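Architecture and fold: a report
Residue-level listing of the chains:
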Amino acid sequence: MYCKIFTLAQCRIWGDQGQAALEKSNICLLNCGPTGSETLKNLVLGGIGSITVVDGSKVEDGDLGNNFLVDESSLGQSKAKCVCSFLQELNDAVKAKFVEEYPDALIETNPSFFSQFTLVVATQLVESSMVKLDRICREANVILIFARSYGLTGFVRISLKEHTVIESKPEHFLDDLRLNNPWPELKSFAEGFDLNVQDPVAHKHIPYVVILVKMADEWAKNHGGRLPSTREEKKEFKDLLKAGMVAQDEDNYREAIESSFKVFAPRGINSELQQILNDSSVEVDSSSSDFWVLVAALKEFVTNEGGGEAPLEGSIPDMTSSTEQYVNLQNIYQAKAEADFLAIEQMTRNTLKKIGRDPNSIPTATIKSFCKNARKLKVCRYRPIEDEFNSPNLSELQKYLTDEDYRLSPFIVNSSNLPELQNIAVGIYILLRAVDRFAANYNSFPGQFDSASLPEDLINEMCRFGAAELHAVAALVGGIASQEVIKSLLSLKLRACIKS
Amino acid sequence: MAADTSVQLQQQPSKSRDLDKLLLRPGNLVGPSFEPGAELRDDLQKYVRVLVVGAGGLGCELLKDLALSGFSNLEVIDMDRIEVTNLNRQFLFRLEDVGKPKAEVAAKRVMERISGVNIVPHFCRIEDKDIEFYNDFSIIALGLDSIEARSYINTVACSFLEYDSDDNPQEDTIKPMVDGGTEGFKGHARVHRGVPFDPDNPKNMKWVYDEAVKRAELFGIPGVTYSFTQGVVKNIIPAIASTNAIISAACALETLKIATGCSKTLSNYLTYNGSEGLHTKVTEFERDKDCLVCGPGIRIELDPSITLQKFMDLLEEHPKLLLSKASVTHRGKNLYMQAPPVLEEMTRSNLTLPLFNLMGELPKDIVHVNGMTSKNDQKTSCLRKLRVVFKGVDGVADMDTAGGA
């Protein structure tokens, strides 16, 4: 009962299914300094299922000054054990274990240890261990999140082969009205309206969807099947709409003019989705994930029944209309969405059968959600750490190195894709790697770049930090890392960040 | 002597092992006021007093972060009691704490775990403390979830500002504030700082005047604050505990930078958007010189014969104030108080006296007025600073007019 109330607030945010995913997950933490401890603290509060803390060190005085999860009574004891017992106190429903061993050694001697976990959070690891652990986790299909605090800088880096997202929940996404490519039922519904109706009350209650479908149809008839595409044509189309108004206060026509861009949008699927459909993973076999089985079915649908379009989403926005006509319109959209869903479901079941899997192994609810979100699918792939370290994207790095804005930037953005880096991130990124190299091999410094192109003050700063793990920085990096953990477990969109 | 101590401290096992790297070593990307050394660390412990306003999700994180960032004198104020639903994001509270005051439990838990830190809890409303209570702190850190409360504290901090003859605020009266908060699925963190430096500003020591942030743009409230750093976290996926952790940590870091100058603070508005990938941006906001809250105050010209009651009536009609149920203070002295009844009774007789006499017959001075104002048909409590000038009294003929009513 306690646990139920405890997590109620966040269940409202990511739903019962999401909460179940968190409760099922088994997370391993490497090194439980403040960065690791703060990451787990946030996750344990959120109701993560099981945790295993790996750290070989004993609690020292310095740990009392930067880690809330140890206290004076912990001095001299296993740090992993102390952190683990505090986390257990925070939420007694979590299954907490600890392993008193140094992560670097564990990576070297017992790589199979990591395959039991859903996700590994590796904090404060140096380059060489990162590369090895990355190989191990990719092999075992375990999600890996690196977090590092270093003086006033740090980073969070996600590593996994592929991350596929069905419900990416973009902030702005065009509704799916199909005004530029109406299906027969919508067309005939629109034909039931007369835009020249004499009754002014009826005229101002024609839903804008109907107005636009009819006007677009008429336009296409007069323009060889094409819709407005040039600026002049678009203006002309809007003028036609304006001319159709019989009174100044017709909200439905105002909505039609405001929404006319929906008619101008190109037909068919967007390029991002096209890229996913073209991905080689669409050639599914028995080892394919559910996501790619669904994408294979989607591709078949788009090529055949869909006539170049993805399944209809099925909902309509509010608009000026009589209640009766609005409900009718809603039914037409819902019926089409249902039909599209049934087609995709059938294709999914067939595909599953073809690759030798149980045709019912993907739940109907998943297929339904997939259809509703088909236009917003996302596939993220992360470079192996080894590739990133050995073949950096030089031109991108150089480009960002020339940015002098670094002084102003308190937060710096990084991700596995270097083009997404912003401003000074690169300087710190390089230096964070430099300090690792320096630690590994005293007489070498990163030689890929002319060191003069790195601000000397920044280099100085990194030396000043002396690998300090400050609590506030660790809490920040840990906070971001724990968000990443939750998002990756919930299959939401991932991101990563550096801060200074 | 000092140098010897610092060497020794570095060699001995020390709780400030990591913090010492930042506070004891010189650097090139630091604030101009930065003087590294053991003394800085010790002064931070001894003399810097920080008030944390709110002991909820953010307040708890803030207390912990500050206590582990070298601050030893902390106080926390919160009027709420712990509820069961708080437990999944307020890590200092346990099931057995439900029903107890948040401020008291939070203070106790942090002190239990971090030795050498003293935290004084205040279980009351922020409005229950008089203005001077807030003036005693070096830095005020906010972890509030209501715009009204945030606005109130902001006004309180701005009320300490004193101005020179050019209407520029005097540096030593600037009260640095750190502000974090969450509203629904969004959160924000901001810092008002009072350490005089901004290397990127050609006006150097005048940085503070140019840097303040226009609050109104963010919250639609008529407030502007001095030199004020702000982060907004937009989270489409509100991982509640971790969002609080990120915001609070950013606030605590900026607080440490303000107090010690150990690194450059941000200038001065930070946005953090995590809805699609993760993007951050730093924007520089400027102070609104006519701001009611942080500006030199609304100038009100009065006849010396006007009574306190008449003055209060004027406030109610004043188009920029529309302030009713006013309580009036002058230099810390209560001229009239609406509450509590004891004070009301004690100050009631002042209502019929001329304000000029009540203010010690000064030709002009600042008075603080606390009351209710209505905005968009909603009543909110507010604090305003007024520059009262008496007509026909010596020495006011050539007075400032900037920001005048």
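Residues numbered from 1 in each chain as written. Chains lettered and ligands numbered in written order. Predicted model: local features only at pLDDT ≥ 70, side-chain atom pairs only at ≥ 80, totals over all residues. Heavy atoms only, no water.

An unreviewed UniProt entry lists chain B under the name NEDD8-activating enzyme E1 catalytic subunit, with Trifolium subterraneum given as the organism. You can read under Function (unreviewed entry) in the UniProt record for chain B the words "Catalytic subunit of the dimeric E1 enzyme, which activates NEDD8." Comment text from UniProt for chain B, heading Catalytic activity (unreviewed entry), reads "ATP + [NEDD8 protein] + [E1 NEDD8-activating enzyme]-L-cysteine = AMP + diphosphate + [E1 NEDD8-activating enzyme]-S-[NEDD8 protein]-yl-L-cysteine." (UniProt positions renumbered as here; feature names shortened; annotations may be inferred.)

In the nomenclature of an unreviewed UniProt entry, chain A corresponds to NEDD8-activating enzyme E1 regulatory subunit from the organism Trifolium subterraneum. Taken verbatim from the UniProt record of chain A, the Pathway (unreviewed entry) comment is "Protein modification; protein neddylation."

Re the overall build of chain B
Of regular secondary structure, chain B possesses 13 helices and 16 strands. Taking all 405 residues of chain B together, the buried fraction comes to 59%. (Helix = DSSP H or I, 4+ residues; strand = E, 2+ residues; numbered from the N terminus. Buried < 20%, exposed > 50% of the residue type's maximum accessible area, 1.4 Å probe, protein only.)

Quick look at the nonpolar core
Residues and elements named next belong to chain A. Core analysis: the biggest nonpolar cluster contains 129 residues, and Leu30, Val120 and Leu133 have the highest contact counts within it. Setting aside residues up to four positions removed in sequence, Leu133 forms contacts with Leu30, Ile107, Phe114, Val120, Ala122, Leu125, Leu144 and Phe146. The next biggest cluster of nonpolar side chains, apart from the first, holds 34 residues, and it includes Ala220, Tyr326, Leu329 and Tyr333. (Core = buried A, V, L, I, M, F, W, Y, C linked by side-chain atoms within 4.5 Å. Contact = heavy atoms within 4.5 Å.)

Brief notes about helix H12 (residues 251–258) of chain A
Looking at H12 of chain A, one finds that the buried residues are Asn252, Tyr253, Glu255, Ala256 and Ile257 of chain A. In the core, the buried residues of H12 of chain A are packed alongside helix H9 (200–203), helix H10 (208–222) and helix H11 (231–244) of chain A.

Some thoughts on the environment of Ser248 of chain B
Residue and element names in this part refer to chain B. Among the structural elements, Ser248 can be located in helix H10 (residues 240–260). A residue is classified by how much of its surface remains accessible, and Ser248, at 0% relative accessible area, is buried. In this structure, the C-alpha to C-alpha distance between Ser248 and Val178, residues 70 residues apart in sequence, is 9.5 Å. Other than its neighbours up to four places away in sequence, Ser248 contacts Leu58, Glu61, Leu62 and Asp65. Polar side-chain contacts of Ser248 include one of 3.4 Å to the backbone oxygen of Leu58. (Polar contact = N/O pair within 3.5 Å; in protein donor to acceptor, adjacent residues only side chain to side chain.)

Some details on unusual backbone geometry
Phi is mostly negative for residues that are not glycine, and the peptide bonds are mostly trans. That bond from Ala339 of chain B to Pro340 of chain B is cis: its omega, -5°, falls within 30 degrees of zero. One non-glycine residue, Asn31 of chain A, adopts positive backbone phi at about 70°. Looking at the element boundaries, Asn31 of chain A is found in the loop between strand S1 (26–30) and helix H3 (34–45). Its identity is not glycine, yet Glu361 of chain B carries a phi of approximately 55°, on the positive side. With respect to the helices, strands and loops of the structure, Glu361 of chain B is situated in the loop between helix H13 (355–358) and strand S15 (364–375). Residue classification places Glu361 of chain B among the partly exposed positions, given a relative accessible area of 48%.

Comments concerning the confidence of the model for chain B
All names here are of chain B. Confidence along chain B averages 72 in pLDDT terms, with 66% of residues attaining 70 or more. Across residues 1–11, where pLDDT falls below 50, the model places six contacts with residues more than four positions away in sequence or in other chains. As a predicted assembly, this complex carries a pTM of 0.70 together with an ipTM value of 0.71. (pLDDT = per-residue confidence, 0-100.)

Digging into the side chain of Thr351 of chain A
Relative to the helices and strands, Thr351 of chain A resides in helix H16 (residues 323–354). Setting aside residues no more than four positions away along its own chain, Thr351 of chain A makes contact with Val284, Val293, Ala296 and Glu300 of chain A.

Things to note about the environment of Leu240 of chain A
Residues and elements named next belong to chain A. Within the secondary structure layout, Leu240 lies in helix H11. As a C-alpha pair, Leu240 and Met215 span 25 residues in sequence and 8.4 Å in three-dimensional space. Contacts of Leu240, omitting those with residues within four sequence positions, involve Met215 and Trp219.

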